[in-house]
Amino acid sequence: MGENKVTVEFVEDVALICINNPPVNASGVVVRQGIVDALDEIKAAGSAKAIGLYCAGRTFIAGADITEFGKPPLEPGLPEVCNILEDNEIPIVAVIHGTALGGGLETAMGCHARVAVPTAKVGLPEVLLGILPGAGGTQRAPRLAGISNALDLILSGRHVPAKDALEMGLVDRIDDGEPREVALAAAKDVVVGTLATRRTGELTTTPDDAAIETTMAAVQKKHPHLISPQKCVECVAASTGDFKEGLAFERARFMECLPSPQSKGLIHAFFGERAVANIPERKAQARDIASVGVIGGGTMGSGISTSALMAGLPVTLIEVSQEGLDRGVATITGNLDGAVKRGKMSPEKRDAALAKLTASTEMESLAEVDLVIEAVFEKMEIKKEIFTKLDAICKDGAVLASNTSYLDVNEIAAMTRRPQDVLGLHFFSPAHIMKLLEVVVGEKTAPEVVATGFALAKKMRKVAVRAGVCDGFIGNRILGHYLKTASYLVLDGAHPDQVDKALEGFGFAMGPHRVGDLAGLDIGYMTRKRLAATRPAEERYGGAIADRLSENGWNGRKTSKGYYVYEGRDTLENPDLNAIIDEERARAGITPRVFSDEEIVERYMTAMISEAARVVEDGIALRPVDVDVVFLSGYGFPRFRGGPLHYADTIGAAELVKRIEAYAQEDAHYWKVPALLRKMAEDGGSFADLNKGK
Ligand code: 3H9
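About the cut-offs
- Residues numbered from 1 in each chain as written.
- Predicted model: local features only at pLDDT ≥ 70, side-chain atom pairs only at ≥ 80, totals over all residues.
- Heavy atoms only, no water.
- Helix = DSSP H or I, 4+ residues; strand = E, 2+ residues; numbered from the N terminus.
- Rg over C-alpha atoms; globule rule 2.2 N^0.38 Å.
- Contact = heavy atoms within 4.5 Å.
- Expected span 1.5 Å × (residues − 1).
- Domains from an automatic or database assignment.
- Buried area = accessible area lost by both parts, 1.4 Å probe.
- Salt bridge = Lys/Arg side-chain N within 4 Å of Asp/Glu carboxyl O.
- Polar contact = N/O pair within 3.5 Å; in protein donor to acceptor, adjacent residues only side chain to side chain.
- UniProt positions renumbered as here; feature names shortened; annotations may be inferred.
- Phe/Tyr/Trp six-rings, centres within 6.5 Å; stacked < 30°, edge-to-face > 60°.
- Lys NZ or Arg CZ within 6 Å of the ring centre and 35° of its normal.
- Core = buried A, V, L, I, M, F, W, Y, C linked by side-chain atoms within 4.5 Å.
- Buried < 20%, exposed > 50% of the residue type's maximum accessible area, 1.4 Å probe, protein only.
- Pairing = 2+ DSSP bridges.

Chemist: Where do I start with the overall build of the protein in this structure?
Modeler: When helices and strands are counted, the protein shows 29 helices and 19 strands. For 694 residues, the compact-globule formula gives about 26 Å, and the C-alpha radius of gyration of the protein, at 28 Å, lands near that figure. Counting only C-alpha atoms and orienting by the principal axes, one finds that the protein spans roughly 85 × 60 × 55 Å. Long-range pairs, those at least 24 residues apart, make up 72% of the contacts in the protein with a sequence separation of at least 6.

If you want it as structure tokens, here you go:
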């Protein structure tokens, strides 16, 4: 039966159904058919008075098999299976361990009782994939847990611990033990009547118009771009009516979400975050990292230290002066306090983490640590000096990492007698919050050192992406390119606020000028100065307006003035900005023209895609999906668009080439068609094909 993914066992007067579809028991067609066949087999045998349904391996069903989405539907569908379970004459109790997510929880809710082991979690995370619970979840969850809980569950997608699920009414009992044993005991209890059963669809939902109304308003405000959250609310609202009509209503909305580009983008992001772990060094044995040294107590160094401490690692923080060290320790303490406030760690864990922090002004304190991360000022001479010292101080086998965001990791590694132990670990600010870690692999970096970078990221709950060496690696190299477009747009006639709003309309949380103000305009100013000598003569200079702001000391939020003026919580116009823009346009001999929001987005995105294509072409990123994940996890790229190169496929290479060629009429130096994109346009290829290794 079902390639043995679903098996039946008869024990006295009960039957047990076991689902075994590693790794996460996703409910693919074989599982679905297997469940239906199992019920038929049990009915035919005629001996069972109750059924226990449980899963083998690490988890209960973690959802529908997402890889089936977008392909022709395979019968029986999951909604049908949940209904067949519910309609089954012999009562069925589901036993949940691991995580019962999405279609998994829906399967359990189709059963007649639910028992969870104490460590189990349940959730309906479909909204995070741009869809909605489409196998009865929006109708059964409110019947079991009430409208308010169901809305929370379905809109947050969060994993609810068994204890809370019990309080909500989603599960009926918590029993400890191996899933099979718990299932056997629970089924026997059903037979003797000590575990009550009922059909969820026969329950009624108590109306709660106020909750529906407030939630709908909140959703529209919070997710103006997304279609599925609103549909989730509509479906939950429909659960107060007839059950069958509610199921049909849910099905129709599910089918509207499933083929949407948003859902495709979100699903690409889900698989992308997992695909980036597939690196050439994945089979190498990572070195054990039991202690970490961080050099530099500034924002980055403190953030990295916080992240390591939160992962349970002891940290030795190094600063040149006692004053700098005190500042670093204070920042780390503040970061940890913030984590407690945000509910990310308990006060006890915070104290334990802080107790693992050692602060020192002596580099020699790093002699015994397993990994050092240098996070000092972005100047090659300073980094070289530090790595020369580290080479003399650190024990053999220690991994030596630089948190540089632009500089040549090979040049840094060459300062040591052990370049094989050196790599870049590029964190993003604030490092204890941002998910992304670029693992920058130098010419001589050993495979096990790369694997160690990935293992560290996992420990820190970050998404690691492998990057090659070039100025800015994956993310900042692409950023450096497309930000020029933003500045050209402003020089040529768009207002910074229009550019920001157009891109926020596209889905970015903040437009580039607002981001610049937040990060500090002095960063870009220093980068432009650093690169001034290497800027080709034919490159158009876009930094004139930003330079003027920085030269006035208006570096953004931290100085209360940049592209905007910041007063308390308010963001206001900068009254001096227009004069500066006019002056710089006049100086460059530009007659400003009008840009539509659409053209702004097109030019900005085309620039981003062009450089992203070159990054793939040059082998700096392993695959297009690596670029996508960098932008989703580190640059606030709208997740529902899947990343720049997933988005590029929705436009198509031919159209992109056409756009670049048209823009090149104005500026042939900046707008060049990447060879990869041209080839795709000619062959009808896509970035998705490249991800699949085609
Ligand atoms: C749904 O249910 C729709 C229904 O309402 C309606 C239908 C009509 N399918 O994350 P991991 C793979 S929508 C296929 O590394 P962990 C994953 O890609 C679904 N594959 O493990 C990976 O493959 P690989 C609602 C899946 O322990 C491997 O399993 N459910 C699925 O860190 C291991 O995964 C969800 O959204 C899937 N559903 O975390 C839950 N799930 O090894 C999505 C995982 O080749 N899943 N894979 O890279 C998760 O959140 C996590 O995987 C989970 C385990 C927490 C379960």
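Chemist: Please clarify how helix 24 (residues 597-617) should be interpreted in this entry.
Modeler: Residue pairs three or four apart in sequence face the same way in an α-helix, which turns once every 3.6 residues. Taking 1.5 Å of rise per residue, 21 residues should cover 30 Å, and helix 24 covers 30 Å from first to last C-alpha, within 8% of that figure. Positioned one or two residues after helix 24, G619 has a phi angle of 75 degrees, which is positive.

Chemist: Teacher, can you tell me more about the domain arrangement of the protein here?
Modeler: A common way to state how big an interface is: give the accessible area lost once the parts meet. Along its sequence, the protein is organised into domain 1 (6-258), domain 2 (292-469) and domain 3 (476-691). If you look at the interface, domain 2 gives 16 residues, while domain 3 gives 13 residues. Between domain 2 and domain 3, roughly 1,200 Å² of surface is buried when both sides are summed, and carbon and sulfur atoms account for 64% of that area. Taken together, domain 2 and domain 3 are joined by zero salt bridges. There are two residue pairs in polar contact (both at pLDDT 80 or more) connecting domain 2 and domain 3. Among the elements of the structure, strand 16 (436-440) and strand 17 (463-467) are those that each provide at least two residues to the side of domain 2 that touches domain 3.

Chemist: Help me understand the UniProt feature "domain: 3-hydroxyacyl-CoA dehydrogenase NAD binding" (unreviewed entry) in the protein, please; the structure alone is not making it clear to me.
Modeler: Those places that UniProt annotates as "domain: 3-hydroxyacyl-CoA dehydrogenase NAD binding" (unreviewed entry) correspond, in this numbering, to residues 292-467. Annotated as residues 292-467, this span is 41% helix and 20% strand, and its ends, taken at the C-alpha atoms, are 22 Å apart.

Chemist: Sorry, what's going on with the packing of aromatic side chains here?
Modeler: When we look at a pair of aromatic rings, we describe it by the centre distance and by the angle of the planes. By the definition in use, this model includes 13 aromatic pairs. Between the aromatic rings of F508 and F637, the centroid separation amounts to 5.4 Å while the plane-to-plane angle is 85 degrees, which identifies the pairing as edge-to-face. Here F508 is found in the loop between helix 19 (496-506) and helix 20 (512-519), whereas its partner F637 is found in the loop between helix 25 (624-634) and helix 26 (644-651), with 129 residues between them in sequence. Through a chain of ring-to-ring contacts, three or more aromatic side chains come together here, namely F428, Y482, F506, F508, Y604, F631, Y635, F637 and Y647. The aromatic ring of Y406 is capped on one face by R530, whose charged end is 4.7 Å from the ring centroid.

Chemist: Please explain the nonpolar core as it appears in this structure.
Modeler: Proteins that are soluble and globular tend to have nonpolar side chains buried together. Core analysis: the biggest nonpolar cluster contains 82 residues, and F60, I96 and L170 have the highest contact counts within it. Residues in contact with L170, not counting those within four places in the same chain, are M109, R114, V122, L144, A145, L153 and A165. A502, Y563, L577 and V627 belong to the second largest nonpolar core, which has 76 residues in total.

Chemist: How do you make sense of the pairing of strand 15 (residues 422-427) when you look at a structure like this?
Modeler: Taken across its six residues, strand 15 has six buried, putting it largely inside the fold. Residues V422, G424 and H426 of strand 15 are buried on one face, and the alternating residues L423, L425 and F427, pointing to the opposite face, are buried as well. Direction of pairing for strand 14 (residues 399-402) relative to strand 15: parallel, over a ladder of three bridges. Residue pairing across strands places S402 opposite G424, the latter belonging to strand 15.

Chemist: It is not clear to me how the pattern of salt bridges should be interpreted in this structure. Could you clarify?
Modeler: Pairing of side chains with opposite charge becomes possible as their charged atoms draw close. If you walk through the whole model with that rule in mind, you get 50 salt bridges. Its salt-bridge partner being E411, residue K384 comes within 3.1 Å of it at the nearest N-O pair. Taken together, the residues K384 in helix 15 (residues 380-393) and E411 in helix 16 (residues 409-413) connect sequence positions 27 residues apart. With a shortest N-O distance of 3.5 Å, R514 and D497 are connected by a salt bridge. A residue pair is termed long-range when its members are at least 10 positions apart, and R514 in helix 20 and D497 in helix 19 qualify at 17 residues. Through salt bridges with shared partners, a single ionic network connects R477, E611, R614 and D618.

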